[in-house]
Amino acid sequence: MNIVESHVKYCISLNPDFNDLDKNYLTNRVLALVGESASTILGSDNHLDNLELLIKIAQQNKKITNDSSQIQILAAQLMDLSTPSPSKTNQIFWKKYQLNPQNATNWFYHLNCANNYIQTRSIAKNQHFWAHSSFGDLEITINLAKPEKDPKKIAKMLKRHSENQYPQCKLCFENEGYQGREDYPARSNHRLIRFKLGNKVWGFQYSPYVYFPEHAIFIDQVHEPMNISRKTFENLIEITQLFPDYFVGSNADIPIVGGSMLDHEHYQGGKHEFPMFKAPIIYNLKINNFPKVKAGIVKWPMSLIRLISPIPEQLIAVADIIRKSWLNYSDKSVNVRAFVNHERKHTITPIAHRQGNNYILEIVLRDNQTSEKYPDGIFHPHPNVQHIKKENIGLIEVMGLAILPGRLLSELQEVKKFLLHEDNQIASKHFLWAQYLRKKTTWNPQNVDPKLQQELGNVFTQILKDAGVFKLDLQGKEAFFKFCATFSQR
Ligand SMILES: [Zn+2]
């Protein structure tokens, strides 16, 4: 079978919009994209091998150059042929949902892998490991799949930003099927599931970079800023009712303590039990008038209150009492301030998940003040750990999964050589840390990999502690209790 026939066969097998009658039509679509010489070349049984080869053929035929965005655009167009239309995708999803939610999400997730929207081959290059901490085992990934942005392209994008506002942002619905450009990802094979949340239309998709199993994104149809309110708790609980085996959480709605997409209301979820969910409550709190809500402070490096109840309405009511109390709560003795120059500094990172008959809401207190000593943020990774991570501690990290930049992989090779007293080109930013590590213990080629992974985990633990508003010392604990006394009794 030649490569075009192989690809067409794959598209027909995956895409119910097509059947054998469409063979000639699809063949011509593929030839138009890659050039007619393709039909003389042998294909393979693996659709990703075929995709790579079709791209090479297109380059030979001068249909595209070797520019990475042109490659991504062509790959997405070729895989779009294997993907049902948006309306058909929605129809199949909701039909499968009637049987049960997992049936629908399984199908949609596998479609997104099979049509390469989730680029499983690049994701397989990510490194993933566990590290011990006094808060339980934490997860670390070094992320090699998400391409680092080329500074030249960023400059071009900034220039283009004022000229071209389509799609308005990367979360907007208008990305579905968007071809892409030099400075914007290819989305021909992207599909969104529509659903009702409250009385609004929302979309559901998977993240192309899946940091954990079935990493999903839930998106408001309207491009409007992130906003944490009572409605957020209602929405999160409703999503866990729609998809009972998924957790779902929202990033904070102010800079420094949240994600990078504050302009468009969205949540992230998926099928994963994060380290945070396994951390136990260490101090119980009694909430007046809500006997059905179990509450407590959790043993976690960030300041976390957990609420558990089988009754969603009560849970939402208590969560909103805590949110409102925190929005206006200041305790200067521990550097916590709700407002500075009339600017709001407080918000929360909320996460919902289910356990048996219970709904659980995790409420993480956030404060985005900066100071002269900590210009990047007082409750943000401090300068001594920024050589590992200096980005915001968003939803995923809050739950105990570190997403570290891909550059670390090569940098850590040099740190390793330094620890083993070999010739190295260690980056100056890692030098103090590496010196401390070299004195701390004896390093040899057998222990260097696992020990260094553990040391990265130790840095991540410190990063989470930095982001905690109430520290874990006696003074911090007393201050946390004082805040909890505004809405509960111990
Ligand atoms: Zn948008």
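None of the values given here were measured: they were computed from a predicted structure. (Residues numbered from 1 in each chain as written. Predicted model: local features only at pLDDT ≥ 70, side-chain atom pairs only at ≥ 80, totals over all residues. Heavy atoms only, no water.)

In this section: the pairing of strand E10 (residues 304–309). E10 sits mainly inside the fold: six of its six residues count as buried. Side chains Leu304, Arg306 and Ile308 of E10 all project onto a buried face; the interleaved residues Ile305, Leu307 and Ser309 project onto the opposite face, where all are buried too. In the sheet, strand E9 (residues 294–298) pairs with E10 via four bridges, with the strands oriented antiparallel. Residue pairing across strands places glycine 296 opposite arginine 306, the latter belonging to E10. Linking E9 back to E10 in an antiparallel pair, the connection comprises five residues. In this sheet, strand E14 (residues 358–367) lies alongside E10 in antiparallel orientation, the contact comprising six bridges. From the neighbouring strand, isoleucine 308 faces E14, where its bridge partner is isoleucine 360. (Buried < 20%, exposed > 50% of the residue type's maximum accessible area, 1.4 Å probe, protein only. Helix = DSSP H or I, 4+ residues; strand = E, 2+ residues; numbered from the N terminus. Pairing = 2+ DSSP bridges.)

On to the packing of helix H13 (residues 407–419) against helix H14 (residues 428–440). Running from amino to carboxyl end, H13 crosses H14 at an angle of 45 degrees, the nearest separation of the two axes being 10 Å. Considered as vectors, H13 and H14 are oriented oblique to each other. When the axes of H13 and H14 are compared, the crossing they make is right-handed. On H14, the residues touching Arg407, Leu408, Glu411, Leu412, Val415, Phe418 and Leu419 of H13 are Lys429, His430, Phe431, Trp433, Ala434, Gln435, Leu437 and Arg438. (Axes fitted to C-alpha atoms, helices over the stretch in contact; angles between N-to-C directions. Parallel < 35°, antiparallel > 145°, perpendicular 65-115°, else oblique. Left-handed = near helix turned anticlockwise from the far one by under 90°. Contact = heavy atoms within 4.5 Å.)

Put simply, the ideal angle at a metal is 109.5 degrees for four donors in tetrahedral geometry and 90 or 180 degrees for six donors in octahedral geometry. Only Cys169 (SG), Cys172 (SG), His223 (ND1) and His264 (ND1) from the protein reach the zinc ion as donors, at distances of 2.1 to 2.3 Å. Considering all four donor atoms around the zinc ion, the spread of angles at the metal, 103 to 123 degrees, places the coordination shape in the tetrahedral class. (Donors = N, O, S within 2.8 Å, 3.2 Å for Na, K, Ca; no water. Tetrahedral: all angles 85-135°; square planar, octahedral: opposite > 155°, others 65-115°.)

In terms of burial, strand E7 (residues 266–270) is a largely internal element, five of the five residues being buried. Side chains of E7 alternate between two faces, with His266, Gln268 and Gly270 and Tyr267 and Gly269 buried alike. Here strand E5 (residues 216–220) runs beside E7; their pairing, made up of four bridges, is antiparallel. Of the residues in E7, the one forming a bridge with isoleucine 219 is histidine 266. Relative to E7, strand E6 (residues 247–249) is paired through three bridges, and the arrangement is antiparallel. By the bridge assignment, valine 248 is partnered in E7 with glycine 269.

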